Amino acid sequence: MEIIFGRNKEEHPEPIKAKVQGQLPTWLQGILLRNGPGMHTIGDTKYNHWFDGMALLHSFTFKNGEVYYRSKYLRSDTYNSNIEANRIVVSEFGTMAYPDPCKNIFAKAFSYLSHTIPEFTDNCLINIMKTGDDFYATGETNFIRKINPQTLETLEKVDYSKYTVVNLATSHPHYDSAGNVLNMGTSIVDKGKTKYVIFKIPPSVPEREKKKSCFKHLEVLCSIHSRSLLHPSYYHSFGITENYIVFVEQPFKLDMVKLATAYMRGVSWASCLTYNKEEKTWFHFVDRRTKKEVSTKFYTDALVLFHHVNAYEEDGHIVFDVIAYTDNSLYDMFYLKNLTKDFEENTKLTSMPTCKRFVVPLQYDKDAEVGSNLVKLPSTATAVKEKDGSIYCQPETLCEGIELPRINYDYNGKKHKYVYATEVKWSPVPTKISKLNVQTKEMLHWEEDHCWPSEPVFVPNPDAKEEDDGVVLTCIVVSDPKKAPFLLVLDAKTFKELGRAIIDVELHLDLHGMFIPEKDSKMETE
Ligand SMILES: CC(C)=CCC/C(C)=C/C=C/C(C)=C/C=C/C(C)=C/C=C/C=C(C)/C=C/C=C(C)/C=C/C1=C(C)CCCC1(C)C
Ligand SMILES: [Fe+2]
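For the chain, an unreviewed UniProt entry supplies the name Beta-carotene oxygenase 1 and the organism Amazona collaria. The record in UniProt for the chain states the following under Sequence similarities (unreviewed entry): "Belongs to the carotenoid oxygenase family."

This is the structure:
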């Protein structure tokens, strides 16, 4: 398994024509662009954690029934400095690097590094974001990197902190119907004012502007003060409904005192994350129009969450689905020392990823009795009024063992019926992909021996009438060295295979990505 998780992957910047089997829909034209870690060893140095690896972008271009594959390492300042030094010189979340191990003044003076080593990493390995016609690789620091979606070339570095006060920002932004990006980040600069900042980036700028930058027009919608000034919560995504931003402040937190001393103590940023299962998880709802937070205090028991699935409003309630854990063992599981051979037997998840639905009443009878359940929708989720006026919510479980959830994004913020996700057993090995009907809890699956599917991306049919009219695309990494990896195309309705594009290269296990329809990409001829 070392092969799949930890071995450096080669890049293939020139298009490789795939062998297509089956029948791909003729309307499927565009680029599936994905991101994830592809290199964990540099010279004699090795990252500690799988999420630390150098970002390797890859793409599948669909053109007239043919499929072309490309991959290229993100030429971040981090990547360039590491390669030049032939060792890890920039810290990642799980690995603290010491750029100058030789305290020797002469060694410093004759430093072979022509680049200045970036202080914070711009190794954006998690996701892809779109602003207007531009695409960016995203991670969780204040840096994102513009990329060319056709050639996978790395373009300029954007520093969010130049435009608003954030040190961290999510890699999972949302998009509204006008094409604005909505994202949030944490400001820890000013210790007295630790806060979460929700901001908006427009898709275009006024014609007359010379140096066009959407980021110059970044606008802060609202800030939420951290419950604890020294312990802001970690979050990896958030939700939106038509009228609200949904933010979950979980007791999985960054300890700022530990962060401030991490470098000195020789420990990673990750070691500064703490989970306190005795604490509560607080929900925040911000009205997108008035920019005010709903004043009622809503909470649930301690949980750890990375991925929101979707959120929507129904009859005065906010309904939101998340993939939740009861502890923080998932992050620990992705330490490379745990992902060696036999890890499937040796490393068992102590908490399964579980798709949970919270139903939160925004409008309810203010005279309702203490102890009564205020949920008026048909769900087993509850929201109980407490003596002090706060509301204690408990979720309904929709499904166990799914992660990397996606929906038809046309239903984002609206009532959805289907979730596409990878399925796991008791180890971090994706064995199947699944389609969950959240209304009936029925599931459809796709699996094949030795196949490790990635996050399934739903692409709607241009003439779609129903939510699941379209295809699901997933990269399949194969653990059998005799079998080639492929891109799988499933009919989203039936989950039957329509076709596959086989490529004879070593695919890397990735994290997230997006499909860029041909009309949104200035596609060049191959
Ligand atoms: C094996 C597969 C693919 C599927 C199996 C199915 C399954 C169980 C999937 C589960 C997948 C999940 C849950 C994926 C989650 C991915 C995450 C959380 C990535 C986070 C990266 C976060 C990163 C890189 C964060 C970097 C942050 C840094 C370097 C921050 C540094 C900093 C901090 C902390 C304080 C301020 C200063 C500074 C900015 C330097
Ligand atoms: Fe994610």
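Here the narrative resumes, following the displayed structure.
A. Local environment of the coordination of the iron ion (ligand 2). Those donors, His-172 (NE2), His-236 (NE2), His-307 (NE2) and His-512 (NE2), are the protein atoms that reach the iron ion (ligand 2), and they lie 2.0 to 2.1 Å from it. Relative to the metal, the 4 donor atoms surrounding the iron ion (ligand 2) lie at angles of 93 to 152 degrees, and the coordination shape comes out irregular. Between consecutive donor residues of the iron ion (ligand 2), the sequence gaps follow H-x63-H-x70-H-x204-H. Separated by 205 residues along the polypeptide, His-307 in strand β24 (residues 304-314) and His-512 in strand β39 (residues 512-517) bring together distant segments of the chain.

B. The arrangement of the pattern of salt bridges in detail. Scanning all chains against the criterion turns up 28 salt bridges. Of the charged contacts in the structure, one is a salt bridge between Lys-493 and Asp-468, with a shortest N-O distance of 2.8 Å. Placement of Lys-493 in the loop between β37 (486-491) and β38 (497-502) and of Asp-468 in the loop between β35 (457-460) and β36 (470-478) is noted, with a sequence separation of 25 residues between them. According to the relative accessible area criterion, Lys-493 is partly exposed, its value standing at 29%. Given the relative accessible area of 4%, Asp-468 is considered buried. A network of salt bridges, in which partner residues are shared, links Lys-435, Glu-466, Asp-468, Asp-469 and Lys-493.

C. The arrangement of the side chain of Lys-9 in detail. Counting through the fold element by element, Lys-9 comes out in the loop between α1 (2-5) and β1 (12-17). As a buried residue without a salt bridge, Lys-9 has its nearest oppositely charged side chain in Glu-506, at a separation of 4.1 Å. A polar side-chain atom of Lys-9 sits 2.8 Å from the main-chain carbonyl oxygen of Arg-7.

D. Summary view of the site of ligand 1. In the vicinity of ligand 1 lie 29 residues, with Phe-51, Phe-120, Ile-126, Glu-140 and Val-424 positioned nearest. Look at ligand 1: alone it shows 980 Å² of surface, and the protein chains cover 96% of it. Taken together, the elements giving at least two residues each to the shell around ligand 1 come down to β24 and β30 (402-406). Tallied by class, the residues present in the shell around ligand 1 amount to 20 nonpolar, 5 polar and 4 charged.

E. Spatial organisation of helix α2 (residues 77-85). When we look at burial in α2, the residues that qualify are Thr-78, Tyr-79, Ser-81, Asn-82 and Ala-85. With its buried residues spanning 170 degrees around the axis, α2 presents them on a single face. Close packing links the buried residues of α2 with β4 (37-39), β5 (41-42), β7 (54-63) and β8 (66-73). Backbone geometry just downstream of α2 places Asn-86 in the positive-phi region, at approximately 55 degrees.

Each value, and the rule that gives it
- Residues numbered from 1 in each chain as written.
- Chains lettered and ligands numbered in written order.
- Predicted model: local features only at pLDDT ≥ 70, side-chain atom pairs only at ≥ 80, totals over all residues.
- Heavy atoms only, no water.
- UniProt positions renumbered as here; feature names shortened; annotations may be inferred.
- Donors = N, O, S within 2.8 Å, 3.2 Å for Na, K, Ca; no water.
- Tetrahedral: all angles 85-135°; square planar, octahedral: opposite > 155°, others 65-115°.
- Helix = DSSP H or I, 4+ residues; strand = E, 2+ residues; numbered from the N terminus.
- Salt bridge = Lys/Arg side-chain N within 4 Å of Asp/Glu carboxyl O.
- Buried < 20%, exposed > 50% of the residue type's maximum accessible area, 1.4 Å probe, protein only.
- Lys, Arg positive; Asp, Glu negative; His and termini not counted.
- Polar contact = N/O pair within 3.5 Å; in protein donor to acceptor, adjacent residues only side chain to side chain.
- Near = heavy atom within 4 Å.
- Areas by Shrake-Rupley, 256 points an atom, 1.4 Å probe, with all protein chains shown as cover.
- Nonpolar A, V, L, I, M, F, W, Y, C, P; charged D, E, K, R; others polar.
- Arc of directions from axis to C-beta.
- Contact = heavy atoms within 4.5 Å.

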